[in-house]
Amino acid sequence: MENKVVPTAFCPTFHKAVELIGKRWSGAIIRAMRSGRVRFSDISDAVPGLHDRLLSERLKELEHEGIVERVVIPETPVRIEYRLTCKGQDLDGVMDAVSLWAQRWVTVSPEEITVDPECAEAEAAAVTR
């Protein structure tokens, strides 16, 4: 058996990163934004059960951390869009790794399955395991 180097139990930067992207709804919001510029209502529609007040709070937190950028488009009426910054886009590999891990190890009950076409197959496969 090969000896595996195990990092120390606590790393402040790792802990902060996990707490940030692992905060309730943050991962779903980031995933919904991976397609590019999106409006508030697009995110809200893409994440069932996420209330507007909490979505607004999470977007402000992610914007404060430099993961999300709020774009004001000066037209009548004013349009607000959100997009991932370079820092946010750099989470793509992390999001893909978590998705693969979830498909392999996480079981989802039929009540939890959404109609998101991106993950419907993976969720159905997880239920049939």
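Residues numbered from 1 in each chain as written. Predicted model: local features only at pLDDT ≥ 70, side-chain atom pairs only at ≥ 80, totals over all residues. Heavy atoms only, no water.

Peer 1: I'd love a proper account of the overall build of the chain, names of residues and values included.
Peer 2: When helices and strands are counted, the chain shows 7 helices and 3 strands. Shown N-terminal to C-terminal, the secondary structure of the chain runs as helices and strands in the order α-α-β-α-α-β-β-α-α-α. A burial count over the chain gives 25% of its 129 residues as buried. Within the chain, counting contacts between residues at least 6 apart in sequence, those at least 24 apart form 46% of the total. (Helix = DSSP H or I, 4+ residues; strand = E, 2+ residues; numbered from the N terminus. Buried < 20%, exposed > 50% of the residue type's maximum accessible area, 1.4 Å probe, protein only. Contact = heavy atoms within 4.5 Å.)

Peer 1: Quick rundown of the environment of R39? Include the residues and the values.
Peer 2: Tracing the chain through its elements places R39 in strand 1 (residues 38–39). When the C-alpha atoms of R39 and R83 are compared, they prove to be 8.8 Å apart, with 44 residues separating the residues in sequence. Beyond its immediate sequence surroundings of up to four residues, R39 is in contact with R79, I80 and E81.

Peer 1: Account for the nonpolar core, with residues named and values stated.
Peer 2: If you look at the biggest cluster of nonpolar residues, it comprises 19 residues, and the most contacted ones within it are I29, M33, I43, L59, I67 and V68. Contributing elements (two or more residues each) for this core: helix 2 (26–33), helix 4 (52–64) and strand 3 (79–84). At 4 residues, the largest contribution of residues to this core is made by helix 4. Setting aside its immediate chain neighbours within four residues, L59 contacts I29, M33, F40, I43, V68 and Y82. (Core = buried A, V, L, I, M, F, W, Y, C linked by side-chain atoms within 4.5 Å.)

Peer 1: Before we move on, could you go through helix 2 and cite the residues and values that matter?
Peer 2: Buried residues of helix 2: S26, I29, I30 and M33, and no others. Buried residues of helix 2 fall within an arc of 95° about the axis and therefore sit on the same side. (Arc of directions from axis to C-beta.)

Peer 1: Requested: an account of the packing of helix 2 against helix 4, with residues and values cited.
Peer 2: Contact geometry for helix 2 and helix 4: axes closest at 10 Å, N-to-C directions at 75°. Between helix 2 and helix 4, the interaxial angle falls into the category roughly perpendicular. Along the contact surface, helix 2 presents S26, I29, I30 and M33, while helix 4 presents L55, R58, L59 and L62. Considered class by class, the residues forming the contact of helix 2 with helix 4 number 6 nonpolar, 1 polar and 1 charged. (Axes fitted to C-alpha atoms, helices over the stretch in contact; angles between N-to-C directions. Parallel < 35°, antiparallel > 145°, perpendicular 65-115°, else oblique. Nonpolar A, V, L, I, M, F, W, Y, C, P; charged D, E, K, R; others polar.)

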